[in-house]
Amino acid sequence: MTRLTNKRILLGVTGGIAAYKSAELIRRMQDEGADVRVVMTAAAQEFITPLTLQALSGHPVATTLLDAETESVMGHIELARWADLILIAPASADFIARIAGGQGDDLLTTLCLAADGAMAIAPAMNQAMWRNPATARNVVYIRTKGFLIFGPDEGLQACGEVGPGRLLDIEGLVDAVAGVFPSQALRGRHVVITAGPTREAIDPVRFISNHSSGKQGYALASAARDAEARVTLISGPTQLEAPDRVTRIDVISADDMYHAAIAAIDDCDIFIGVAAVADYKPVLPADQKIKKSDAPSNRSITIELIENSDIIAAVAGHPERPYTVGFAAETQDVVQYARGKLDKKNLDMIVANDVSGSDRGFNSENNQTTVLYRAGIDVREEALPLMSKGNVARRIIELIVEQTGATQMAALSEASS
Ligand code: C5P
């Protein structure tokens, strides 16, 4: 995943026990494609050495304003302007106070004064220091000056106390940094996503449903929106809030979802069917609540079920079909079954989803997936490690971007030949 390709990040490290985490942060931002340079305050050097961060970043670490050698490599004003983002992580209470006061008494505060691009801080301090009204006032003030504030987290602190003030976890920080540079890869495209379970009425108070939480579909809606797509989320009943700037259409049954999806096809470039659609529905839902006394004397009742229409197959079979992506939740032979569904439902891509463990799939925060997609006459396979549903969503969106770009180019060259 390379959400920071060609991005230049100036990482400012200030004094605090969380300073050691900057080593991992540098690595993760580099994994995402960023070029990272580091500036350390004097206090930060008490916790981690410049040499460590120099070795990791691959650049000299600047520590003082008046160092002729580092100034000759890149002067401090030049360094401030070089950065697409100045990120101070961890940011101590003292450092926040100094930038709120407009001070330029060391290299890092001076860089913040001289910068004209994006700036962010990730506070890390004892919970009482974070709650102190002076810190709260300083944070509010620097926010009005355009600083983004990433975190802090709550929890057990290095000093043994519990409360807000922990440095945001590294993945959360990387996500926040990536959010500063949204991709525009799907600008102008309309992405329609089905998500969550459906409910098939047995009577007015009972239904057949499944354990789908909707989290993976909602994560995809956010990732598509972050790539600047217009997003319509056709959602079965979930506990989730609609992501910002996403149009949500609420549906209950598979029939409702089918009609909403078909109505959206004409104006849809990419369709992603993540919903766990009930395969069957009662043939004749009862008008009134079924009473126990309705059961015959053998104490059992029979509900006749009939198959629901396959929404994604109908979308993929449409003459003006969008690029169509399905999901296949399986507990065994995951990839093999998914490959069968790719063909049977005439999809362009399918995400094989292992729902065999409680740490993945339905209702979990993580997902273990393998993505299969057509590339000409081949079917390619990319196995993703167990990762957060947000990261799965971003990788799927990247693959869709690559594939729809490639599909368009193939169509253009066919048209011109
Ligand atoms: O056949 P199966 O239910 O495993 O296929 C899963 C894929 O098909 C998912 O993308 C799901 O959203 C879609 N589906 C559908 N309509 C149905 C059943 C499944 O769109 N009735």
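Residues numbered from 1 in each chain as written. Predicted model: local features only at pLDDT ≥ 70, side-chain atom pairs only at ≥ 80, totals over all residues. Heavy atoms only, no water.

Looking at a nonpolar patch on the surface
And step 1. On the surface, a nonpolar cluster with roughly 360 Å² of combined accessible area is contributed by Y280, I301, I303 and L305.
And step 2. Structurally, L305 is set in strand 15 (residues 305-307). (Patch = residues over 30% accessible without salt bridge, like charges linked within 9 Å, V, L, I, M, F, W, Y side chains within 5 Å. Areas by Shrake-Rupley, 256 points an atom, 1.4 Å probe, with all protein chains shown as cover. Salt bridge = Lys/Arg side-chain N within 4 Å of Asp/Glu carboxyl O. Helix = DSSP H or I, 4+ residues; strand = E, 2+ residues; numbered from the N terminus.)

Brief notes about the pairing of strand 2 (residues 35-40)
And step 1. The buried fraction of strand 2 amounts to 5 of the 6 residues, a majority that puts the element mostly inside the structure.
And step 2. Sheet topology note: the strand 1 (residues 8-13)/strand 2 ladder contains 6 bridges and is parallel. Paired with I9 across the strands is V36, a residue of strand 2.
And step 3. A crossover links strand 1 with its parallel partner strand 2, the connecting element being helix 1 (residues 22-31), and its sense is right-handed. (Buried < 20%, exposed > 50% of the residue type's maximum accessible area, 1.4 Å probe, protein only. Pairing = 2+ DSSP bridges. Right-handed = clockwise from strand over helix to strand, strands pointing away.)

Overview of the nonpolar core
And step 1. Core analysis: the biggest nonpolar cluster contains 34 residues, and L25, M29, L53, L87, L173 and V177 have the highest contact counts within it.
And step 2. Sort the elements by how many residues they give to this core and helix 9 (residues 170-180) lands first, with 5 residues.
And step 3. Residues contacting L25, with those up to four places away along its chain left out, are L11, L87, A89, I170, L173 and V174.
And step 4. If you look at the next biggest cluster of nonpolar residues, it comprises 33 residues, including A195, A219, V274 and A393. (Core = buried A, V, L, I, M, F, W, Y, C linked by side-chain atoms within 4.5 Å. Contact = heavy atoms within 4.5 Å.)

Points about the site of the ligand
And step 1. In the vicinity of the ligand, the contacting residues are G273, A275, V277, D279, S309, D310, I311, I312, G326, F327, K341 and K345.
And step 2. Between I311 and the ligand, the recorded distance is 3.0 Å, taken from a backbone N or O atom to a nitrogen atom.
And step 3. A distance of 2.9 Å separates an oxygen atom of the ligand from a polar backbone atom of I312.
And step 4. Expressed as a share of its isolated accessible area of 450 Å², the protein-covered part of the ligand is 86%.
And step 5. For the shell around the ligand, the class distribution of residues is 5 nonpolar, 3 polar and 4 charged. (Near = heavy atom within 4 Å. Polar contact = N/O pair within 3.5 Å; in protein donor to acceptor, adjacent residues only side chain to side chain. Nonpolar A, V, L, I, M, F, W, Y, C, P; charged D, E, K, R; others polar.)

A closer look at the pattern of salt bridges
And step 1. Inspection of the entire model under this criterion finds 24 salt bridges.
And step 2. As a salt-bridge pair, E365 and K215 come within 2.9 Å of each other at their nearest N and O atoms. With a gap of 150 residues between them, E365 in the loop between strand 17 (349-354) and strand 18 (366-367) and K215 in helix 10 (residues 215-226) connect regions that are remote in the sequence.
And step 3. On the basis of relative accessible area, K215 is assigned to the partly exposed category, the value being 23%.
And step 4. Residues R395 and E402 are paired through a salt bridge, measuring 3.8 Å at the closest nitrogen-oxygen approach.

Some words on the sheet that holds strand 12 (residues 247-250)
And step 1. Judged by pairing direction, the sheet is mixed, and its 8 strands sit side by side in the order 12-11-8-13-16-17-19-20 without closing on themselves. Sheet topology places strand 12 and strand 20 (378-383) at the edges, where each strand pairs with a single neighbour. Neighbouring strand axes in the sheet, compared pairwise and without regard to direction, differ in orientation by 15° on average.
And step 2. As defined by bridge partners, strand 13 (residues 270-273) adjoins strand 16 (residues 323-330) across 4 bridges and the pair is classed as parallel. Bridge pairing in strand 16 links G273 to G326.
And step 3. Packing of helix 10 onto the sheet brings it into contact with strand 8 (190-195), strand 11 (230-235), strand 12, strand 13 and strand 16, and relative to strand 11 it is tilted by some 170°.
And step 4. Those strands touched by helix 11 (residues 254-265) are strand 8, strand 11, strand 12 and strand 13, and its axis lies near 160° from that of strand 11. (Axes fitted to C-alpha atoms, helices over the stretch in contact; angles between N-to-C directions.)

Some words on the sheet that holds strand 4 (residues 118-123)
Backbone-to-backbone hydrogen bonds pair the strands of a sheet. The strands run either parallel or antiparallel.
And step 1. Taken in spatial order, the 5 strands of this open sheet run 2-1-3-4-5, and their pairing is parallel. In the strand order of this sheet, the two ends are held by strand 2 and strand 5 (148-149), each with one partner.
And step 2. Judged from the 5 bridges that link them, strand 3 (residues 85-91) and strand 4 form a sheet pairing that is parallel. Bridge assignment links I86 to a residue of strand 4, and that residue is M119.

Re the domain arrangement of the protein chain
And step 1. Taken domain by domain, the protein chain consists of domain 1 (8-180) and domain 2 (190-416).
And step 2. Domain 1 and domain 2 are separated by 41 Å when their C-alpha centres are compared. (Domains from an automatic or database assignment.)

As for the packing of helix 5 (residues 93-100) against helix 6 (residues 107-114)
And step 1. Running from N to C, helix 5 and helix 6 cross one another at 40°; their axes reach a closest spacing of 10 Å. With respect to helix 6, the axis of helix 5 lies oblique. Handedness of the crossing formed by helix 5 with helix 6: right-handed. Contacts between helix 5 and helix 6 involve F95, R98 and I99 from the former and L108, T109 and C112 from the latter.
And step 2. Taken together, the residues that form the contact of helix 5 with helix 6 break down as 4 nonpolar, 1 polar and 1 charged. (Parallel < 35°, antiparallel > 145°, perpendicular 65-115°, else oblique. Left-handed = near helix turned anticlockwise from the far one by under 90°.)

Quick word on unusual backbone geometry
And step 1. The omega torsion across A89 and P90 is -5°, close enough to zero to call that bond cis.
And step 2. Inspection of the secondary structure puts P90 in strand 3.
And step 3. Put simply, G151 and P152 share a cis peptide bond, and its omega is 0°.
And step 4. By secondary structure assignment, the location of P152 is in the loop between strand 5 and strand 6 (153-156).
And step 5. Of note in this structure, N6 is not a glycine but carries a positive phi near 65°.
And step 6. Residue placement: N6 occurs in the segment before strand 1.
And step 7. A positive phi angle is found at R245, which is not glycine, with a value near 55°.
And step 8. Relative to the elements of secondary structure, R245 occurs in the loop between strand 11 and strand 12.

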